[in-house]
Each structure stands twice: as structure tokens, then as C-alpha cells.
There are 2 protein chains.
Amino acid sequence: MNDPILIKGNWIDTPEKEEFRLRKDHILLIDQGKIAGIFPKVPDEWKHLPLRDYSDHIIIPSFMDLHIHAPQYIQRGLGMDMELIDWLNLYTFPAEEAFSDPALAETIYRHFAKDLYRQGTLRASVFSTVHLESTRVLARCLEREGLRASVGKVNMDRNSSPGLCEDTTQSLKDTQAFVEEFRDNPRIEAIITPRFAPSCSPELMKGLSEIAGKYSLPVQSHISENLQEIDWVQELFPHSKDYTDAYDRCGMLDAPRTLMAHGIYLKERECERLKERGTRLIHCPEANLNLASGIMPVTRLLDWGLEMGLGSDVGGGQSMAMNQVIVRAVQSSKILSRLQPGNRKLLLSEAFFLATAGNGKFYGNCGFFSEGLDFSALVIEDPLGEEQGLEPLERLQRYLYSGDDRNIVERF
Amino acid sequence: MNDPILIKGNWIDTPEKEEFRLRKDHILLIDQGKIAGIFPKVPDEWKHLPLRDYSDHIIIPSFMDLHIHAPQYIQRGLGMDMELIDWLNLYTFPAEEAFSDPALAETIYRHFAKDLYRQGTLRASVFSTVHLESTRVLARCLEREGLRASVGKVNMDRNSSPGLCEDTTQSLKDTQAFVEEFRDNPRIEAIITPRFAPSCSPELMKGLSEIAGKYSLPVQSHISENLQEIDWVQELFPHSKDYTDAYDRCGMLDAPRTLMAHGIYLKERECERLKERGTRLIHCPEANLNLASGIMPVTRLLDWGLEMGLGSDVGGGQSMAMNQVIVRAVQSSKILSRLQPGNRKLLLSEAFFLATAGNGKFYGNCGFFSEGLDFSALVIEDPLGEEQGLEPLERLQRYLYSGDDRNIVERF
């Protein structure tokens, strides 16, 4: 989409999380992949441009998924009777070992990338495995599918299965090699990816922090997902004040762009510190339900002013469809508000914001429809809703709750 | 399927809820729609029969949905920011009023029946609206689609919107007319359907109880879904001990086959009474999340020995796909076990049982694969799982968590 083009439709987005913005029958001028203008009618000066008319449909920002494990694509729905630590040791680690074979990685990651695209997730921050070659394969598969992604070679040098446990120096070397290879790639950026504090020595994390600093790279990891995990971190880092402090002391919160998934049981001090550091917390409601981890108090954290986003956490989450993850975020908050009064419910617009404009803030130039931003959008069809005469905002609700990839008729 | 036929595949069912039963590469002999034999190899005497070979796939009992509102099919996902009473008054009742027009009913119910079939729900207990003619239309649509169903003309003679509020005598007359019309239908049975205690006068319920008794009909309604609703029932029935007693005194628990949806906040006395009367409680986890009603303590009720089943509760629930409802039941129980210790988690096999064998007990001759039972099954394909070499029980998990109607390649 480099030549200028006009697109007409019912545009829905959430520049502010408190409510949906609807611009009915508006026209966007797209030039060089960016939004160059928004008009209620085609201005005379642009009348010569080609126009794609989606007036019957709604158009929303494409989804972003800021926490997803590509190798766990083949593990969705399996072993969901376990909790985090058992699930990692008995299911996930053995499954990830197989990715020492780049040919297997090629097969699975091709499916994975196609499915992301199909579900309308056109930008993602992705965990690979510890394997350098397979991580390259993952990045190439995502690139070929036309997606934008932050891709992380996972680092783990302790408390892992033998097939995954890395030598600290080699882990840093491999990371550096991956980072160098994708330095100037327009679609793929490397992201520093210590798996989580229990599987990374302080030396490894300090080394990773140096690489992040040297190349100005973002960082992603997990925090405060499970009560047993939190106790374990305290044992492993006895001098740390808490889970956040364990990362902080190793320089893992130094990068200006940092993603931490989960954050269910954060203490007040941790929230303050994460806010100070500008760390973005990624809510993964589906995985938290499946692994019986608990429910993130998402509205309290939002109201506190923390930076937030949304992730599918495949394979802890079973679905890559961000519309389903949005619904699960709302449902989880409703249950929390019922069982632990003091937590307000998450609005549908807030959950939608997290998956689009909120996640977009991590990249800085996308996530809603305003002049100057990168253009990326999904055209949503709802034949029954159109027959019923539903309003655009009702059709959005219908799609988010009851729709699937078959409702996405165009992906920009 | 009246001529005898052999079907080969990997059969998975739950005659007991504690675990899945898998019979790999077994052959079922189907005759006159019933299971006439189950064999590890084709017996010589049946070698001449046609054989359908699904060895690559898994085969499960078709789903049943014992709580679903057909008119709310067009309301899925809408107004989900409200709780029960507001949602009924502001969204549901106005939407149901439109079904005074049988032509509209014909359009919507045709979609509804096709979608039920598509999702693999081949038997259901369905609420219509108060309208006699539209209820006939619903029954005929379900029949035409080849489904089996219990269909209820809804009764409400107070606390309803003006367009839905019936005259008590007329409500009983219309119910009787519907019952008479479908008396000998092989696929459709009438079910007595007082909406819920707040919208039914004691006189109406007593009259309905008489009709149920006279024609040996089942009964369906709602119980103990929402705290505000429970208080309201106590106000409306000041002499009743509790919600259960309000129904009990009006004869609504007399039918040997009674379905009560929800039951989130039942007291001990109510549980004992419902068990005594053999009332089947229908768990609707998705709707309970959406309307922030609470979470049914499903494992405590199961362990108590109550008869239980599962329902989508469309439109409170957004999805007719019972595999999704099964997953939501498991997820809800995990959260309850985390936030209210003392509640154990629901096993996946138990949730599956509820949607198949458990719901099947309401009909008495279906829900799993044993000799003499009615045969109804879904053939599930999982190309990726087959490529991965997943075991049949893993493929079932994958389908339940991550699959959809596209994985159902055959419906018997």
C-alpha cells in the first residue's frame, strides 16, 4: 500500500480508553502506509484517487498481541489441569526442546504466523525458545507473512530442563548474534527475553541488560504470575525486596521499553516502582484462568496510572484471537468485582484499548486512527447484524463477543 | 440412518464423569439410530455391512444444550455491561417483543437452528418467547433442521414489559394449545416454561403445574442467578422460605423432569430440597460471567449429588459452541477455587460429562456410547494435531479449548 488510496467505512477506535470513538461513513486517505487525512466527505483535491468502499462494514485497528509464545502454538489446550510450575516442567519445557530442530521450527512457525495473520493480529511481541537457529526461522516466518513483530530468543541458564539450560556466556553470545542479524530489519525487531527470574542467573540478566543498553532494545519477561513462583523468586533472590526488585537489581527494568506479563500479585511498592520505570504490564486473562493463577486487578492498576497492554499468552492461553482475549479480560474483571468488591469492572472499551491503542503505545505510532499514525486495520463483516440493522457500535460488540476470524474480510 | 451401518474411529465419551473413556479404533454397529454393538474388530457376521472409517479422527457424543433462549440469538454480545434485571428490562424484553411477528421469528429461528446444528448441538432445551405462533415457528425450524428439542412457550403475567405481559388465563390457554400440537411429535417435545418466579403469579404457576401433570411434561425455568433477583423473589413471595420454596409451593418442582438454570446462591436447605425432587440444575458459566452474576459452586453441588447439566444460556452467554461453554465451566471453577478455597476445580472430563452424558440423563437414552442408547455423535478433525501425532485424548483437549465448528467434519 504505497500509492495513495482512499478507504471509506465506519471507523471505530479508542484513542481514549473510556469510550469508543465512531466516525460513520468517513474517508481515510492512506499514503505510504500512513494515515494522511480523515474526512467526512472526499475532498475535491483527492477525488481522482481510487476509493475502497466498506460503508456496510465496520473498520477497527488491527490487533496487537504483546505476550505470546510461538513454540507453544502446538501446545494450546494441553495439560490445562496443571498450575504454572508443573505445567512448565512437565509440558512446556519438553515441548520447547524439540525446537532444537530448525526444520520442525519451520513447519510449526509457518502455521503460527499464518494463524496470527488470519486472526487479525498484525503486530506481536513473541517469545521463541532458547535456540538461535529456530529463533531466526521464527523471525523469517513472521516477516514473510507480512507481520511486524518483536522477536525474542529466550534466555535461561538455570532451573530449566537439561535440553534447554544454556551456558551463560553462550546464551549472551547467541543473543548478540540474533540482535545483530535483525538490526536494520524494517519489520522485525529483536527483543531481549530472559524467560523469567527463576530460570535466569543474575549474571545472565546483567549481561542481557548490557546488550539491551548497547543496541537500545526493548525487554520482555514474566512477573508475579503465580503464588508458588513468587515464593521461589524470593528464595532465589534473598536480598531482593520483591519480584520487581529482583529484575530491577539486574538492570532488567532499565530499557525504556519493557514488557512484563501478568503482574497478578504485585505489592504497592512494586506498582510504584514499575510506574516509575515506565514498565508496561501485559494482562493475559485467559492464561491466568487456565493455569488457575488468579485474576490481575486490571482496573486498579489502570486507575493507578500504570502502562498496560493485553496478550493472549498462547499456550497458557488457548486462543490467538484477540477479540476473545478482550472478552476474557472483561469477564475476569467482572468476577473479581463480584468476589473482591473494591475492584471495578473493566469496560469493553478499556479492554479494546488495551489490545489496540494501549499495546500500540509500546511502538508509539499505531493503535488508533489519527493523522500521521501508521495505518493498520481490520474490516469486520457481520451479515446477520447488517440484516438486523444493528448500529456500528453494536456490530463491534457482536463481533468481539461472538465473532471469529471469518468476520474479518480485509486486513490492512 | 435406518439401515444398519458400521462406523470406525477413536471413540471418546464420559459414562462416568471422573475420566474420559477412550476406545481406539473401535467399531460401532448402528441400527435404526441406536447403538446395536461395539467391537474392537468387525465381527464376521457384520462384514457385509457398509463401514465408514474415521480412524484418523476422534468421535465424541454430540452436544446437548439444556438452557438456551432462541430469540436472544440476535442479542448475543449486546448490552453486556449491565447486570441481570437491567439487562432484561432494557435489552431483552424489548427485543423479545418483536417476536409477536411470526415472519421475523421465521427468519431468526432459521438462522438459530442452522447455527445450533453447525456447532454440533443436536439436542437442546429451548426458551421461545410468550408468543404462541412464533413458538410454533421455532419448533418447526428445529424440526426441519433435524434436531431434537424441548421447546417452551414462555409464560409471564407480571413484572414484564407491556408487550410481553400476558393475561393469566390466555397464557395457560396458549400453552395448552402448543402442548396439544406437539404431543406426538417424534423430535420436538413441549416443555412448560415459566420465565422465572418474578414474572409469574402463583396462579399462573399453579395452572402450568396442572398442565405439566396432565400431559406428563417437563418444566424449565431460572433460579438463584443474581443477588438482586433473589431479594426480589423474597419480596414477591413473602411466605416462602426461599427461591426454591417459591417454586415448590406453586407445584413447579412436581414434574419428574425439571430443569433450573443457574443456582449460584442456593442455600443448603434449597440444595437438599432440589436433590429430593430430582431437579436438574443447569450450569451456565458464560452467562454468569457476562452478567457479573457470580460463579456457581459447581463442584460442591456435584459432590453433593445434585443432578446437573450445562447450558450456553444464549444470549446471556455469547456462544452456542458447547466446547467453549465446557472450557468456561472449567475456568470459572478454577477461579472460584483460587478466590474461595474450599471449592475444588472442575475436571475437564466432568465439564464434558455435563454437556453430554449429564445433559443426556434428562432424556435418559443418550449422551455416551453404550449398547442400546440412541446414537448421536460428532466426528472431530484436527489436521495439525494429526500432523503432530497427538494422542486422541490430547486431540480432544485441543478441540475443546482451541477448536470450533470447522473441526466438526461429520454430525450424526
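Above this text you will find the structure in question.
Treat the numbers as computed from the prediction; the structure is a model and nothing was measured.

Student: Just to check I follow, could you spell out the sheet that holds strand β9 (residues 188-190) of chain B for this structure?
Tutor: Strand pairing in a sheet relies on backbone hydrogen bonds, with the paired strands running either antiparallel or parallel. All names here are of chain B. Taken in spatial order, the four strands make up an open sheet running β5-β6-β7-β9, and their pairing is parallel. The two strands at the open ends of the sheet, each matched to only one other strand, are β5 (63-69) and β9. Put simply, the sheet's adjacent strands are angled 15 degrees from each other on average, direction ignored. Relative to β9, strand β7 (residues 148-152) is paired through three bridges, and the arrangement is parallel. Counted as the bridge partner of Ser150 is Glu189 from β9.

Student: Could you clarify how one ought to interpret the packing of aromatic side chains in this entry?
Tutor: For any pair of aromatic rings, the description consists of the separation of the ring centres together with the inter-plane angle of the planes. Taken as a whole and assessed by the stated rule, the structure comprises 26 aromatic pairs over all chains. With 5.4 Å between their ring centres and 65 degrees between their planes, Phe20 of chain A and Phe352 of chain A make a pair best called edge-to-face. Taken as a pair, Phe20 of chain A in the loop between β1 (5-13) and β2 (21-31) and Phe352 of chain A in helix α12 (residues 348-361) lie far apart in primary sequence, 332 residues in all. Of the residues examined, Phe20 of chain A reaches a relative accessible area of 19% and is grouped as buried. The class for Phe352 of chain A is buried, based on a relative accessible area of 0%. Each member of the aromatic cluster is reached from another via a ring pair, and the members are Trp11, Tyr54, Phe369, Phe375 and Phe412 of chain A. The aromatic ring of Tyr73 of chain B is capped on one face by Arg76 of chain B, whose charged end is 4.1 Å from the ring centroid.

Student: Before we go on, may I ask you to explain the sheet that holds strand β2 (residues 21-31) of chain B in this structure?
Tutor: All names here are of chain B. In space, the six strands of this open sheet follow the order β3-β2-β1-β4-β15-β16, with mixed pairing throughout. Two strands close off the open sheet at either side, each with one partner strand: β3 (34-39) and β16 (408-411). The sheet shows a mean angle of 45 degrees between the axes of neighbouring strands, direction not considered. In this structure, strand β15 (residues 377-380) lies alongside β16, joined through three bridges in antiparallel fashion. Bridging across to β16, Ile380 finds its partner in Ile408. On top of the sheet, helix α14 (residues 392-402) reaches β1 (5-13), β2, β4 (51-61), β15 and β16; it is set at about 55 degrees to β4, its chief contact.

Student: Looking at this model, I keep getting lost on the packing of helix α11 (residues 322-339) of chain A against helix α11 (residues 322-339) of chain B. Mind explaining?
Tutor: Axis angle and axis distance: for two packed helices, these are the angle between their axes and the distance between the axes, and together they describe the pair. One way to put it is that α11 of chain A packs onto α11 of chain B with a least axis distance of 12 Å and a crossing angle of 35 degrees. When you trace α11 of chain A past α11 of chain B, the crossing you get is right-handed. When α11 of chain A is examined against α11 of chain B, the residues Gln324, Arg328, Gln331, Ile335, Leu336 and Leu339 of chain A are found in contact with a partner set consisting of Gln324, Arg328, Gln331, Ile335, Leu336 and Leu339 of chain B. Tallied by class, the residues present in the contact of α11 of chain A with α11 of chain B amount to six nonpolar, four polar and two charged.

Student: Mind showing me how you'd approach the interface of chain A and chain B here?
Tutor: Accessible area lost upon the coming together of the parts serves often as the stated size of an interface. Contacts between chain A and chain B engage 47 residues on the former and 47 residues on the latter. Here chain A and chain B share an interface that buries about 3,900 Å² over both sides, 50% of which is from carbon and sulfur atoms. Counting every contact that joins chain A to chain B gives 10 salt bridges. As a salt-bridge pair, Arg406 of chain B and Asp404 of chain A come within 3.9 Å of each other at their nearest N and O atoms. Our enumeration of links across chain A and chain B arrives at 26 residue pairs in polar contact (both at pLDDT 80 or more). Of all the secondary-structure elements, those providing two or more residues to the side of chain A that touches chain B are α2 (102-118), α9 (285-290), α11, α13 (383-388) and α14 (392-402) of chain A. Top contributing element to the side of chain A that touches chain B by residue count: α11 of chain A, with nine residues. Of the residues belonging to the side of chain A that touches chain B, the class tally is 17 nonpolar, 15 polar and 15 charged.

Student: Hey, could you run me through the pattern of salt bridges in this one?
Tutor: Two side chains that carry opposite charge are able to pair once their charged atoms sit near each other. Residues and elements named next belong to chain B. Under the definition given, this model contains 76 salt bridges over all chains. With a closest N to O distance of 3.0 Å, Arg140 and Glu143 form a salt bridge. Residue Arg140 and its partner Glu143 are both found in helix α3 (residues 132-144); the two are separated by three residues, about one turn of the helix. Ionic pairing is found between Lys153 and Glu166, a salt bridge with its closest N-O pair at 2.5 Å. Here Glu166 lies in the loop between β8 (154-155) and α4 (168-181) and Lys153 lies in the loop between β7 and β8, a separation of 13 residues in the sequence.

Student: Hey, could you run me through the relation of the copies chain A and chain B in this one?
Tutor: For the match of chain A to chain B, the screw axis carries a shift of 0.0 Å, the RMSD comes to 0.0 Å, and the turn is 180 degrees. When the rotation and shift are considered jointly, the pair of chain copies conforms to a two-fold rotation axis. In terms of C-alpha distance to the rotation axis, chain A has Leu339 of chain A as its closest residue, with the C-alpha 3.8 Å off the axis.

Student: In this structure, what is going on with the nonpolar core? I would like to understand it.
Tutor: Inside soluble globular proteins, nonpolar side chains tend to come together where they are buried. Counting 212 residues, the largest nonpolar core has Leu142 of chain A together with Leu142 of chain B as the members making the most contacts within it. Not counting residues up to four positions away in its chain, the partners in contact with Leu142 of chain A are Phe112, Ala113, Leu116, Val126, Leu147, Ala149, Val151 and Ile188 of chain A. Core analysis: the next-biggest nonpolar cluster, separate from the first, contains 14 residues, Trp11, Tyr54, Phe375 and Val379 of chain A among them.

Student: Honestly, the environment of Glu97 of chain A in this entry has me stumped. Any pointers?
Tutor: All names here are of chain A. The residue Glu97 is located in helix α1 (residues 84-97) in this model. Look at Glu97 and you get partly exposed, because its relative accessible area is 28%. Sequence spacing of Glu97 and Gly163 is 66 residues, and the spatial spacing of their C-alpha atoms is 5.8 Å. When residues no more than four places from it in sequence are discounted, the contact partners of Glu97 are His131, Ser161, Pro162, Gly163 and Leu164.

How each quantity is defined
- Residues numbered from 1 in each chain as written.
- Chains lettered and ligands numbered in written order.
- Predicted model: local features only at pLDDT ≥ 70, side-chain atom pairs only at ≥ 80, totals over all residues.
- Heavy atoms only, no water.
- Pairing = 2+ DSSP bridges.
- Helix = DSSP H or I, 4+ residues; strand = E, 2+ residues; numbered from the N terminus.
- Axes fitted to C-alpha atoms, helices over the stretch in contact; angles between N-to-C directions.
- Phe/Tyr/Trp six-rings, centres within 6.5 Å; stacked < 30°, edge-to-face > 60°.
- Buried < 20%, exposed > 50% of the residue type's maximum accessible area, 1.4 Å probe, protein only.
- Lys NZ or Arg CZ within 6 Å of the ring centre and 35° of its normal.
- Contact = heavy atoms within 4.5 Å.
- Left-handed = near helix turned anticlockwise from the far one by under 90°.
- Nonpolar A, V, L, I, M, F, W, Y, C, P; charged D, E, K, R; others polar.
- Buried area = accessible area lost by both parts, 1.4 Å probe.
- Salt bridge = Lys/Arg side-chain N within 4 Å of Asp/Glu carboxyl O.
- Polar contact = N/O pair within 3.5 Å; in protein donor to acceptor, adjacent residues only side chain to side chain.
- Least-squares fit on C-alpha atoms with pLDDT ≥ 70 in both.
- Core = buried A, V, L, I, M, F, W, Y, C linked by side-chain atoms within 4.5 Å.

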